[in-house]
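In case you want the letters, here they are:
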Amino acid sequence: MSVIDDAIVWLNDPLNWTNPDGIFARLGEHLWISAAAVALGCAVAWPLGVWMGHVGRGGPAVVTVTNLSRAVPTVALLTIFPLTAIGFGAPAIILALSLFAIPPLLANAYLGVREVDPEVRDAGRGMGLSAWQLLRKVELPLAVPYLANGFRVAAVQVVATATLAAYVNGGGLGMIISKGFGLGLASGGGQVLAGGALVALLCLAVEGILALVERALLPKSLRRVKHRPPASAADALPARS
Amino acid sequence: MVHVAVLGLGAPGDDPRNPWFSWSYVSQNTDTLLAALREHLFLTIVAVSLATVIAIPLAILAYRVGSLSGPILGFTGVLYTIPSLALFAFLAPFTGIVAPTTVLIGLTMYALLTIVRNTLTALRQVPADVLDSARGMGYGRRAMLWRIELPLALPGIMTGLRIATVSTVALVTVGELAGWGGLGELIIGGFASNYYRPQIMTATLLCVALALVLDLILLAVGRVIMPWTRRRSA
(Lines give C-alpha, C1' and ligand atoms only; values in the text may rest on other atoms or scores of the structure.)
Protein backbone atom coordinates (compact mmCIF):
# COMPACT_ATOMS: atom_id res chain seq x y z
CA MET A 1 0.00 0.00 0.00
CA SER A 2 1.44 3.36 -0.96
CA VAL A 3 1.90 6.28 1.39
CA ILE A 4 -0.91 8.15 -0.32
CA ASP A 5 -3.30 5.31 0.45
CA ASP A 6 -2.04 5.34 4.05
CA ALA A 7 -2.79 9.05 4.27
CA ILE A 8 -6.32 8.56 2.93
CA VAL A 9 -6.92 5.70 5.37
CA TRP A 10 -5.62 7.85 8.23
CA LEU A 11 -7.92 10.72 7.25
CA ASN A 12 -10.87 8.33 6.95
CA ASP A 13 -10.57 7.12 10.54
CA PRO A 14 -13.17 9.13 12.50
CA LEU A 15 -11.17 8.71 15.71
CA ASN A 16 -8.29 10.64 14.15
CA TRP A 17 -10.70 13.57 13.90
CA THR A 18 -12.48 13.36 17.23
CA ASN A 19 -9.73 12.13 19.61
CA PRO A 20 -8.67 14.52 22.39
CA ASP A 21 -5.55 15.13 20.27
CA GLY A 22 -7.38 14.63 16.98
CA ILE A 23 -7.69 16.95 14.02
CA PHE A 24 -10.57 19.02 15.44
CA ALA A 25 -8.78 19.66 18.73
CA ARG A 26 -5.51 20.49 16.95
CA LEU A 27 -7.29 22.78 14.50
CA GLY A 28 -8.94 24.59 17.41
CA GLU A 29 -5.58 25.10 19.14
CA HIS A 30 -4.02 26.22 15.88
CA LEU A 31 -6.72 28.80 15.17
CA TRP A 32 -6.93 30.30 18.63
CA ILE A 33 -3.15 30.60 19.02
CA SER A 34 -2.95 32.25 15.58
CA ALA A 35 -5.85 34.60 16.27
CA ALA A 36 -4.32 35.72 19.56
CA ALA A 37 -0.94 36.28 17.92
CA VAL A 38 -2.41 38.34 15.06
CA ALA A 39 -4.51 40.39 17.51
CA LEU A 40 -1.45 41.10 19.63
CA GLY A 41 0.55 42.01 16.54
CA CYS A 42 -2.17 44.43 15.37
CA ALA A 43 -2.42 46.04 18.80
CA VAL A 44 1.31 46.84 18.70
CA ALA A 45 2.08 47.39 15.02
CA TRP A 46 -0.93 49.38 13.80
CA PRO A 47 -0.78 52.36 16.19
CA LEU A 48 3.00 52.47 15.81
CA GLY A 49 2.93 52.22 12.01
CA VAL A 50 0.13 54.74 11.60
CA TRP A 51 1.90 57.18 13.88
CA MET A 52 5.21 56.76 12.04
CA GLY A 53 3.42 57.29 8.72
CA HIS A 54 1.62 60.35 10.10
CA VAL A 55 4.81 62.07 11.26
CA GLY A 56 6.68 60.71 8.22
CA ARG A 57 9.57 59.21 10.13
CA GLY A 58 10.84 55.69 10.78
CA GLY A 59 10.94 54.34 7.22
CA PRO A 60 14.45 52.87 7.70
CA ALA A 61 13.33 51.34 11.01
CA VAL A 62 10.52 49.49 9.23
CA VAL A 63 13.02 48.09 6.73
CA THR A 64 15.38 47.03 9.53
CA VAL A 65 12.59 45.26 11.43
CA THR A 66 11.56 43.39 8.26
CA ASN A 67 15.13 42.33 7.47
CA LEU A 68 15.82 41.26 11.04
CA SER A 69 12.67 39.15 11.14
CA ARG A 70 14.00 37.21 8.15
CA ALA A 71 17.29 36.40 9.88
CA VAL A 72 15.91 35.21 13.24
CA PRO A 73 14.74 31.58 13.06
CA THR A 74 11.18 31.08 14.31
CA VAL A 75 12.27 27.87 15.94
CA ALA A 76 14.78 29.79 18.09
CA LEU A 77 12.17 32.20 19.47
CA LEU A 78 9.77 29.32 20.08
CA THR A 79 12.37 27.54 22.20
CA ILE A 80 13.77 30.61 23.95
CA PHE A 81 10.54 32.30 25.08
CA PRO A 82 9.21 29.41 27.21
CA LEU A 83 12.50 29.42 29.15
CA THR A 84 12.22 33.08 30.12
CA ALA A 85 9.96 34.59 32.76
CA ILE A 86 6.98 34.05 30.41
CA GLY A 87 7.07 30.34 31.19
CA PHE A 88 5.76 27.32 29.30
CA GLY A 89 2.41 27.28 27.59
CA ALA A 90 0.41 29.24 25.07
CA PRO A 91 1.51 32.82 26.03
CA ALA A 92 5.14 32.14 25.06
CA ILE A 93 4.10 30.71 21.70
CA ILE A 94 1.61 33.51 21.01
CA LEU A 95 4.26 36.12 21.79
CA ALA A 96 6.84 34.46 19.52
CA LEU A 97 4.35 34.21 16.65
CA SER A 98 3.13 37.78 17.07
CA LEU A 99 6.69 39.02 16.54
CA PHE A 100 6.55 37.53 13.04
CA ALA A 101 3.19 39.21 12.39
CA ILE A 102 4.60 42.65 13.17
CA PRO A 103 6.72 43.36 10.03
CA PRO A 104 3.91 43.11 7.43
CA LEU A 105 1.44 44.93 9.73
CA LEU A 106 3.91 47.69 10.53
CA ALA A 107 5.16 48.15 6.96
CA ASN A 108 1.64 48.35 5.51
CA ALA A 109 0.33 50.72 8.18
CA TYR A 110 3.31 53.00 7.66
CA LEU A 111 3.06 52.83 3.88
CA GLY A 112 -0.73 53.29 3.87
CA VAL A 113 -0.60 56.58 5.75
CA ARG A 114 2.61 57.68 4.00
CA GLU A 115 1.14 57.11 0.53
CA VAL A 116 -1.83 59.40 1.07
CA ASP A 117 -1.78 62.01 -1.69
CA PRO A 118 -0.09 65.16 -0.31
CA GLU A 119 -2.71 67.29 -2.08
CA VAL A 120 -5.50 65.54 -0.19
CA ARG A 121 -3.62 66.16 3.04
CA ASP A 122 -3.17 69.83 2.11
CA ALA A 123 -6.85 70.15 1.28
CA GLY A 124 -7.72 68.72 4.69
CA ARG A 125 -5.39 71.17 6.39
CA GLY A 126 -6.83 74.01 4.35
CA MET A 127 -10.29 73.09 5.60
CA GLY A 128 -8.97 73.67 9.10
CA LEU A 129 -8.59 70.07 10.26
CA SER A 130 -6.30 69.58 13.23
CA ALA A 131 -3.53 66.97 13.04
CA TRP A 132 -5.70 64.50 14.94
CA GLN A 133 -8.74 65.14 12.74
CA LEU A 134 -6.58 64.82 9.64
CA LEU A 135 -5.36 61.42 10.85
CA ARG A 136 -8.83 60.19 11.80
CA LYS A 137 -10.88 61.57 8.91
CA VAL A 138 -8.45 61.61 6.00
CA GLU A 139 -5.35 59.49 6.45
CA LEU A 140 -6.80 56.45 8.23
CA PRO A 141 -9.73 55.87 5.85
CA LEU A 142 -7.41 56.15 2.86
CA ALA A 143 -4.96 53.72 4.49
CA VAL A 144 -7.60 51.00 4.95
CA PRO A 145 -6.67 49.01 1.81
CA TYR A 146 -3.07 48.82 2.99
CA LEU A 147 -4.13 47.87 6.52
CA ALA A 148 -6.34 45.12 5.10
CA ASN A 149 -3.53 43.86 2.88
CA GLY A 150 -1.09 43.81 5.81
CA PHE A 151 -3.64 41.99 7.93
CA ARG A 152 -4.05 39.26 5.34
CA VAL A 153 -0.31 38.78 4.85
CA ALA A 154 0.28 38.71 8.61
CA ALA A 155 -2.58 36.29 9.28
CA VAL A 156 -1.40 33.82 6.63
CA GLN A 157 2.15 34.17 7.92
CA VAL A 158 1.10 33.42 11.51
CA VAL A 159 -1.15 30.49 10.58
CA ALA A 160 1.74 29.02 8.60
CA THR A 161 4.27 29.66 11.36
CA ALA A 162 2.00 28.26 14.09
CA THR A 163 2.75 24.82 12.59
CA LEU A 164 6.23 25.11 14.08
CA ALA A 165 4.81 25.23 17.62
CA ALA A 166 4.94 21.44 17.34
CA TYR A 167 8.73 21.62 17.86
CA VAL A 168 8.15 22.69 21.45
CA ASN A 169 5.08 20.51 21.96
CA GLY A 170 2.94 23.63 21.74
CA GLY A 171 -0.11 22.18 19.99
CA GLY A 172 -1.61 23.01 16.62
CA LEU A 173 -1.83 20.98 13.43
CA GLY A 174 1.96 20.69 13.25
CA MET A 175 1.71 18.13 16.06
CA ILE A 176 0.11 15.67 13.64
CA ILE A 177 3.15 15.94 11.35
CA SER A 178 5.73 15.76 14.13
CA LYS A 179 4.03 12.73 15.70
CA GLY A 180 4.09 11.04 12.30
CA PHE A 181 7.80 11.77 11.87
CA GLY A 182 8.32 10.27 15.33
CA LEU A 183 6.64 7.02 14.26
CA GLY A 184 8.97 6.56 11.29
CA LEU A 185 8.21 6.15 7.62
CA ALA A 186 6.66 2.68 7.75
CA SER A 187 3.90 3.42 10.25
CA GLY A 188 3.84 7.23 10.27
CA GLY A 189 4.26 8.09 6.59
CA GLY A 190 0.54 8.32 5.94
CA GLN A 191 0.00 10.51 8.98
CA VAL A 192 2.87 12.82 7.94
CA LEU A 193 1.37 13.26 4.50
CA ALA A 194 -2.16 13.76 5.87
CA GLY A 195 -0.90 16.34 8.37
CA GLY A 196 0.99 18.18 5.64
CA ALA A 197 -2.13 18.27 3.47
CA LEU A 198 -4.25 19.61 6.35
CA VAL A 199 -1.77 22.38 7.14
CA ALA A 200 -1.39 23.37 3.49
CA LEU A 201 -5.16 23.42 3.03
CA LEU A 202 -5.64 25.54 6.14
CA CYS A 203 -3.12 28.13 4.96
CA LEU A 204 -4.57 28.33 1.46
CA ALA A 205 -8.09 28.56 2.94
CA VAL A 206 -7.12 31.41 5.27
CA GLU A 207 -5.48 33.26 2.37
CA GLY A 208 -8.50 32.71 0.13
CA ILE A 209 -11.14 33.62 2.71
CA LEU A 210 -9.36 36.78 3.80
CA ALA A 211 -8.89 37.85 0.17
CA LEU A 212 -12.62 37.39 -0.41
CA VAL A 213 -13.56 39.27 2.78
CA GLU A 214 -11.20 42.07 1.77
CA ARG A 215 -12.86 42.32 -1.63
CA ALA A 216 -16.38 42.21 -0.19
CA LEU A 217 -15.79 44.81 2.54
CA LEU A 218 -13.65 47.39 0.76
CA PRO A 219 -15.54 50.05 -1.15
CA LYS A 220 -14.70 50.01 -4.88
CA SER A 221 -12.95 53.35 -4.82
CA LEU A 222 -10.42 52.10 -2.27
CA ARG A 223 -9.37 48.96 -4.15
CA ARG A 224 -6.66 50.63 -6.16
CA VAL A 225 -3.86 49.21 -4.00
CA LYS A 226 -4.00 45.89 -5.89
CA HIS A 227 -2.78 47.43 -9.12
CA ARG A 228 0.21 49.17 -7.64
CA PRO A 229 3.20 46.83 -7.79
CA PRO A 230 5.51 46.84 -4.77
CA ALA A 231 8.96 48.36 -5.23
CA SER A 232 10.45 44.89 -5.07
CA ALA A 233 8.47 41.69 -5.26
CA ALA A 234 10.23 40.19 -2.28
CA ASP A 235 9.40 43.25 -0.19
CA ALA A 236 5.85 42.04 -0.44
CA LEU A 237 6.80 38.55 0.69
CA PRO A 238 6.81 37.90 4.42
CA ALA A 239 9.61 35.95 6.07
CA ARG A 240 9.13 32.28 5.37
CA SER A 241 8.43 30.00 8.32
CA MET B 1 2.81 17.45 27.69
CA VAL B 2 3.24 15.76 31.08
CA HIS B 3 6.99 16.18 31.25
CA VAL B 4 6.68 19.78 30.13
CA ALA B 5 4.27 20.48 32.96
CA VAL B 6 6.43 18.76 35.59
CA LEU B 7 9.72 20.34 34.56
CA GLY B 8 7.96 23.62 33.92
CA LEU B 9 7.79 24.17 37.66
CA GLY B 10 11.57 24.28 37.93
CA ALA B 11 12.80 25.34 34.54
CA PRO B 12 11.91 29.05 34.24
CA GLY B 13 13.42 31.58 36.56
CA ASP B 14 17.12 32.11 36.84
CA ASP B 15 18.93 28.93 37.66
CA PRO B 16 22.68 29.69 38.00
CA ARG B 17 23.42 26.19 36.66
CA ASN B 18 21.54 27.00 33.44
CA PRO B 19 22.73 30.44 32.32
CA TRP B 20 21.73 32.00 28.99
CA PHE B 21 25.34 32.08 27.89
CA SER B 22 28.45 30.32 29.06
CA TRP B 23 31.95 30.45 27.64
CA SER B 24 32.74 27.08 29.11
CA TYR B 25 29.90 25.59 27.06
CA VAL B 26 31.34 27.18 23.93
CA SER B 27 34.91 26.03 24.62
CA GLN B 28 33.88 22.50 25.57
CA ASN B 29 31.62 22.05 22.55
CA THR B 30 33.54 23.86 19.85
CA ASP B 31 33.64 20.76 17.64
CA THR B 32 29.89 20.15 17.85
CA LEU B 33 29.14 23.81 17.17
CA LEU B 34 31.49 23.93 14.19
CA ALA B 35 30.05 20.71 12.75
CA ALA B 36 26.52 22.10 13.01
CA LEU B 37 27.65 25.40 11.51
CA ARG B 38 29.30 23.54 8.62
CA GLU B 39 26.13 21.53 7.97
CA HIS B 40 24.07 24.72 8.12
CA LEU B 41 26.39 26.48 5.67
CA PHE B 42 26.42 23.45 3.35
CA LEU B 43 22.61 23.24 3.22
CA THR B 44 22.29 26.99 2.65
CA ILE B 45 24.88 27.19 -0.12
CA VAL B 46 23.60 24.14 -1.99
CA ALA B 47 19.97 25.27 -1.75
CA VAL B 48 20.61 28.86 -2.81
CA SER B 49 22.95 27.84 -5.65
CA LEU B 50 20.49 25.30 -7.02
CA ALA B 51 17.69 27.84 -6.68
CA THR B 52 19.68 30.50 -8.55
CA VAL B 53 20.55 28.17 -11.41
CA ILE B 54 16.88 27.23 -11.86
CA ALA B 55 15.24 30.55 -11.00
CA ILE B 56 17.03 32.98 -13.30
CA PRO B 57 16.33 31.09 -16.56
CA LEU B 58 12.75 30.57 -15.34
CA ALA B 59 12.34 34.30 -14.71
CA ILE B 60 13.81 35.13 -18.12
CA LEU B 61 11.35 32.67 -19.69
CA ALA B 62 8.46 34.31 -17.84
CA TYR B 63 9.72 37.72 -18.94
CA ARG B 64 10.08 36.72 -22.60
CA VAL B 65 6.89 34.68 -22.91
CA GLY B 66 4.23 36.98 -21.51
CA SER B 67 1.56 34.30 -21.30
CA LEU B 68 3.77 32.23 -18.96
CA SER B 69 4.41 34.94 -16.39
CA GLY B 70 0.90 34.82 -14.91
CA PRO B 71 0.94 31.06 -14.26
CA ILE B 72 4.55 31.13 -12.98
CA LEU B 73 3.83 33.96 -10.53
CA GLY B 74 0.53 32.40 -9.44
CA PHE B 75 2.07 28.98 -8.88
CA THR B 76 5.01 30.36 -6.90
CA GLY B 77 2.57 32.46 -4.84
CA VAL B 78 0.52 29.40 -3.87
CA LEU B 79 3.67 27.42 -3.04
CA TYR B 80 4.92 30.26 -0.88
CA THR B 81 1.73 30.10 1.21
CA ILE B 82 2.43 26.50 2.21
CA PRO B 83 4.54 26.31 5.39
CA SER B 84 7.90 24.58 5.22
CA LEU B 85 6.92 21.88 7.70
CA ALA B 86 3.99 20.87 5.48
CA LEU B 87 6.28 20.84 2.45
CA PHE B 88 8.76 18.59 4.27
CA ALA B 89 5.77 16.41 5.17
CA PHE B 90 4.80 16.12 1.50
CA LEU B 91 8.36 15.24 0.48
CA ALA B 92 9.48 12.99 3.34
CA PRO B 93 7.42 9.90 2.43
CA PHE B 94 9.04 9.91 -1.01
CA THR B 95 12.54 11.20 -0.34
CA GLY B 96 13.10 9.67 3.09
CA ILE B 97 12.37 10.77 6.66
CA VAL B 98 16.02 11.36 7.53
CA ALA B 99 17.52 12.61 4.30
CA PRO B 100 19.23 15.81 3.20
CA THR B 101 17.27 15.53 -0.07
CA THR B 102 13.99 16.26 1.73
CA VAL B 103 15.36 19.39 3.36
CA LEU B 104 17.28 20.51 0.30
CA ILE B 105 14.31 20.24 -2.07
CA GLY B 106 12.17 22.24 0.36
CA LEU B 107 14.80 24.93 0.93
CA THR B 108 15.54 25.19 -2.80
CA MET B 109 11.86 25.71 -3.59
CA TYR B 110 11.41 28.62 -1.18
CA ALA B 111 14.65 30.28 -2.30
CA LEU B 112 13.55 29.72 -5.90
CA LEU B 113 10.31 31.64 -5.38
CA THR B 114 12.06 34.68 -3.93
CA ILE B 115 14.64 34.77 -6.72
CA VAL B 116 12.12 34.23 -9.55
CA ARG B 117 9.87 37.02 -8.30
CA ASN B 118 12.70 39.49 -7.77
CA THR B 119 14.36 38.73 -11.09
CA LEU B 120 11.09 39.08 -12.97
CA THR B 121 10.29 42.39 -11.26
CA ALA B 122 13.79 43.67 -11.98
CA LEU B 123 13.60 42.69 -15.66
CA ARG B 124 10.21 44.36 -16.00
CA GLN B 125 11.55 47.57 -14.52
CA VAL B 126 14.08 48.05 -17.33
CA PRO B 127 12.88 51.33 -18.91
CA ALA B 128 11.12 50.95 -22.26
CA ASP B 129 13.03 53.84 -23.87
CA VAL B 130 16.34 52.14 -23.03
CA LEU B 131 15.11 49.03 -24.83
CA ASP B 132 13.93 51.17 -27.72
CA SER B 133 17.29 52.86 -28.17
CA ALA B 134 19.07 49.49 -27.94
CA ARG B 135 16.78 48.15 -30.62
CA GLY B 136 17.45 51.25 -32.71
CA MET B 137 21.19 50.64 -32.35
CA GLY B 138 20.70 47.21 -33.88
CA TYR B 139 20.82 44.97 -30.82
CA GLY B 140 19.35 41.50 -31.38
CA ARG B 141 17.29 39.74 -28.74
CA ARG B 142 20.22 37.80 -27.33
CA ALA B 143 22.60 40.77 -27.22
CA MET B 144 19.86 42.86 -25.66
CA LEU B 145 19.32 40.28 -22.91
CA TRP B 146 23.00 39.89 -22.04
CA ARG B 147 24.19 43.46 -22.50
CA ILE B 148 21.14 45.58 -21.63
CA GLU B 149 18.40 43.78 -19.75
CA LEU B 150 20.38 41.52 -17.40
CA PRO B 151 22.94 44.18 -16.37
CA LEU B 152 20.14 46.66 -15.67
CA ALA B 153 18.20 44.03 -13.70
CA LEU B 154 21.29 42.90 -11.76
CA PRO B 155 20.71 45.08 -8.66
CA GLY B 156 17.20 43.63 -8.30
CA ILE B 157 18.49 40.10 -8.87
CA MET B 158 21.17 40.58 -6.19
CA THR B 159 18.53 41.85 -3.75
CA GLY B 160 16.54 38.69 -4.39
CA LEU B 161 19.64 36.56 -3.81
CA ARG B 162 20.36 38.30 -0.51
CA ILE B 163 16.79 37.91 0.74
CA ALA B 164 16.76 34.26 -0.35
CA THR B 165 20.06 33.58 1.43
CA VAL B 166 19.06 35.20 4.71
CA SER B 167 15.67 33.45 4.70
CA THR B 168 17.27 30.11 3.88
CA VAL B 169 19.69 30.37 6.81
CA ALA B 170 16.74 30.87 9.16
CA LEU B 171 14.69 28.17 7.45
CA VAL B 172 17.37 25.46 7.67
CA THR B 173 16.53 25.12 11.39
CA VAL B 174 13.11 23.68 10.49
CA GLY B 175 14.92 20.78 8.81
CA GLU B 176 15.64 19.39 12.28
CA LEU B 177 12.51 17.28 12.05
CA ALA B 178 13.90 15.60 8.94
CA GLY B 179 17.25 15.04 10.64
CA TRP B 180 19.13 17.77 8.75
CA GLY B 181 18.73 21.05 10.56
CA GLY B 182 22.28 22.32 11.06
CA LEU B 183 22.24 24.64 14.06
CA GLY B 184 18.51 23.96 14.42
CA GLU B 185 19.38 20.53 15.78
CA LEU B 186 21.32 22.17 18.61
CA ILE B 187 18.48 24.63 19.29
CA ILE B 188 15.78 21.98 19.48
CA GLY B 189 18.17 19.42 20.98
CA GLY B 190 18.96 21.91 23.73
CA PHE B 191 15.27 22.38 24.40
CA ALA B 192 14.66 18.64 24.47
CA SER B 193 17.56 17.90 26.84
CA ASN B 194 16.39 19.69 29.96
CA TYR B 195 16.01 23.15 28.41
CA TYR B 196 19.76 23.67 28.14
CA ARG B 197 19.92 27.44 27.66
CA PRO B 198 23.61 27.95 26.73
CA GLN B 199 23.27 25.55 23.81
CA ILE B 200 20.00 27.12 22.56
CA MET B 201 21.39 30.65 22.82
CA THR B 202 24.80 29.92 21.28
CA ALA B 203 23.25 28.11 18.31
CA THR B 204 20.72 30.93 17.80
CA LEU B 205 23.42 33.59 17.86
CA LEU B 206 25.56 31.60 15.41
CA CYS B 207 22.56 31.26 13.13
CA VAL B 208 21.81 34.99 13.09
CA ALA B 209 25.53 35.75 12.68
CA LEU B 210 25.77 33.36 9.73
CA ALA B 211 22.83 35.12 8.03
CA LEU B 212 24.46 38.49 8.63
CA VAL B 213 27.89 37.41 7.35
CA LEU B 214 26.48 35.82 4.18
CA ASP B 215 24.38 38.94 3.58
CA LEU B 216 27.44 41.17 3.89
CA ILE B 217 29.45 38.89 1.57
CA LEU B 218 26.72 39.12 -1.08
CA LEU B 219 26.54 42.88 -0.59
CA ALA B 220 30.30 43.11 -1.19
CA VAL B 221 30.09 40.81 -4.23
CA GLY B 222 27.33 43.03 -5.59
CA ARG B 223 29.51 46.11 -5.22
CA VAL B 224 32.40 44.43 -7.00
CA ILE B 225 30.38 43.20 -9.97
CA MET B 226 28.22 46.34 -10.20
CA PRO B 227 30.64 49.24 -9.78
CA TRP B 228 28.03 51.66 -11.10
CA THR B 229 25.79 51.17 -8.05
CA ARG B 230 28.53 52.25 -5.64
CA ARG B 231 28.16 55.94 -6.22
CA ARG B 232 24.42 55.90 -5.58
CA SER B 233 24.61 54.37 -2.12
CA ALA B 234 27.64 56.39 -1.01
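Looking up chain A in an unreviewed UniProt entry gives the name Glycine/betaine ABC transporter permease, with the organism given as Catellatospora methionotrophica. Chain A has a UniProt comment under Sequence similarities (unreviewed entry) that states "Belongs to the binding-protein-dependent transport system permease family."

### Describing the environment of Gly 180 of chain A
All names here are of chain A. Relative to the assigned elements, Gly 180 resides in helix H9 (residues 174–183). Assessed through its relative accessible area of 0%, Gly 180 is described here as buried. Taking C-alpha positions, Gly 180 is 34 Å from Leu 105, a pair spaced 75 residues apart along the chain.

### Observations concerning helix H4 (residues 59–71) of chain A
In this model H4 of chain A runs 19 Å from its N-terminal to its C-terminal C-alpha over 13 residues, within 8% of the 18 Å that 1.5 Å per residue would give. Among all positions in H4 of chain A, only Gly 59, Val 62, Thr 66, Ser 69, Arg 70 and Ala 71 of chain A are buried. Looking at the packing, one finds that the buried side of H4 of chain A touches helix H3 (23–55) and helix H6 (90–114) of chain A together with helix H8 (141–172) and helix H10 (197–225) of chain B.

### Description of the UniProt feature "transmembrane region" (unreviewed entry) in chain A
Residue and element names in this part refer to chain A. As recorded in UniProt, the sites labelled "transmembrane region" (unreviewed entry) are residues 31–54, 75–102 and 192–213. Annotated as residues 31–54, this span is 100% helix and 0% strand, and its ends, taken at the C-alpha atoms, are 33 Å apart. The straight-line gap between the two end C-alpha atoms of residues 75–102 is 17 Å; of that span, 68% is helix and 0% is strand.

### What about the side chain of Thr 52 of chain B?
Along the polypeptide, Thr 52 of chain B turns up in helix H3 (residues 30–64). Not counting residues up to four positions away in its chain, the partners in contact with Thr 52 of chain B are Pro 57, Ile 115 and Leu 161 of chain B.

### Observations regarding a nonpolar patch on the surface
All names here are of chain B. Residues Val 213, Ile 217, Val 221, Val 224 and Ile 225 make up a contiguous nonpolar surface patch of roughly 420 Å² in combined accessible area. Examined against the element boundaries, Val 221 turns out to sit in helix H10. Under the relative-accessibility criterion, Val 221 is labelled partly exposed at 36%.

### Here's the deal with the UniProt feature "domain: ABC transmembrane type-1" (unreviewed entry) in chain A
With numbering matched to this structure, UniProt assigns "domain: ABC transmembrane type-1" (unreviewed entry) to residues 27–210 of chain A. As annotated, residues 27–210 of chain A comprises 82% helix and 0% strand, and the C-alpha atoms at either end are separated by 18 Å.

### With respect to the packing of aromatic side chains
If you walk through the whole model with that rule in mind, you get 8 aromatic pairs over all chains. Geometrically, the ring pair formed by Trp 46 of chain A and Phe 151 of chain A is tilted, given 6.2 Å between the ring centres and 35° between the ring planes. A residue pair is termed long-range when its members are at least 10 positions apart, and Trp 46 of chain A in helix H3 and Phe 151 of chain A in helix H8 (residues 131–161) qualify at 105 residues. Relative accessible area serves as the criterion here: at 26%, Trp 46 of chain A is assigned to the partly exposed category. On the accessibility criterion, Phe 151 of chain A (30% relative accessible area) is partly exposed. Ring centres of Phe 191 of chain B and Tyr 195 of chain B lie 5.0 Å apart, and the angle between their planes is 80°; this geometry places the pair in the edge-to-face category. Accessibility expressed as a relative area gives 7% for Phe 191 of chain B, which makes it buried. When its relative accessible area of 4% is taken as the criterion, Tyr 195 of chain B is described as buried. Feature note: the residues Phe 88 of chain A together with Phe 191 and Tyr 195 of chain B constitute an aromatic cluster, connected by ring pairs.

### Here we look at the nonpolar core
Counting 94 residues, the largest nonpolar core has Ile 93, Leu 97, Leu 164 and Ile 177 of chain A together with Leu 107 and Val 174 of chain B as its most contacted members. For this core, the element with the most residues is H6 of chain A, which contributes 11 residues. Here Ile 93 of chain A is in contact with Ile 33, Leu 78, Ala 165, Val 168 and Gly 170 of chain A, once residues within four sequence places are set aside. Formed by 28 residues, the second largest nonpolar core is a distinct cluster that contains Ala 51, Ile 115, Ala 134 and Leu 161 of chain B.

### Concerning the confidence of the model for chain A
All names here are of chain A. Averaged over every residue, the pLDDT of chain A is 87; residues scoring 70 or more account for 92%. Averaged over each element, pLDDT in chain A is lowest for H4 (86) and highest for H3 (94). Note on residues 226–234: pLDDT under 50 across the span, and 15 contacts to partners over four residues away in sequence or across chains.

### Comments concerning the pattern of salt bridges
Pairing of side chains with opposite charge becomes possible as their charged atoms draw close. All names here are of chain A. Applying the stated rule across the entire model yields 9 salt bridges over all chains. Salt-bridge contacts for Arg 125 lead to Asp 122; the nearest nitrogen and oxygen are separated by 3.3 Å. Taken together, the residues Arg 125 and Asp 122, both in helix H7 (residues 118–126) and 3 residues apart, mark about one turn of the helix. Of the charged contacts, one joins Glu 207 and Arg 152 as a salt bridge, the two residues approaching to 2.8 Å between their closest N and O atoms. Of the two residues, Glu 207 sits in helix H10 (residues 185–217) while Arg 152 sits in helix H8, which places them 55 residues apart along the sequence.

About the criteria used
Residues numbered from 1 in each chain as written. Chains lettered and ligands numbered in written order. Predicted model: local features only at pLDDT ≥ 70, side-chain atom pairs only at ≥ 80, totals over all residues. Heavy atoms only, no water. UniProt positions renumbered as here; feature names shortened; annotations may be inferred. Helix = DSSP H or I, 4+ residues; strand = E, 2+ residues; numbered from the N terminus. Buried < 20%, exposed > 50% of the residue type's maximum accessible area, 1.4 Å probe, protein only. Expected span 1.5 Å × (residues − 1). Contact = heavy atoms within 4.5 Å. Patch = residues over 30% accessible without salt bridge, like charges linked within 9 Å, V, L, I, M, F, W, Y side chains within 5 Å. Areas by Shrake-Rupley, 256 points an atom, 1.4 Å probe, with all protein chains shown as cover. Salt bridge = Lys/Arg side-chain N within 4 Å of Asp/Glu carboxyl O. Phe/Tyr/Trp six-rings, centres within 6.5 Å; stacked < 30°, edge-to-face > 60°. Core = buried A, V, L, I, M, F, W, Y, C linked by side-chain atoms within 4.5 Å. pLDDT = per-residue confidence, 0-100.

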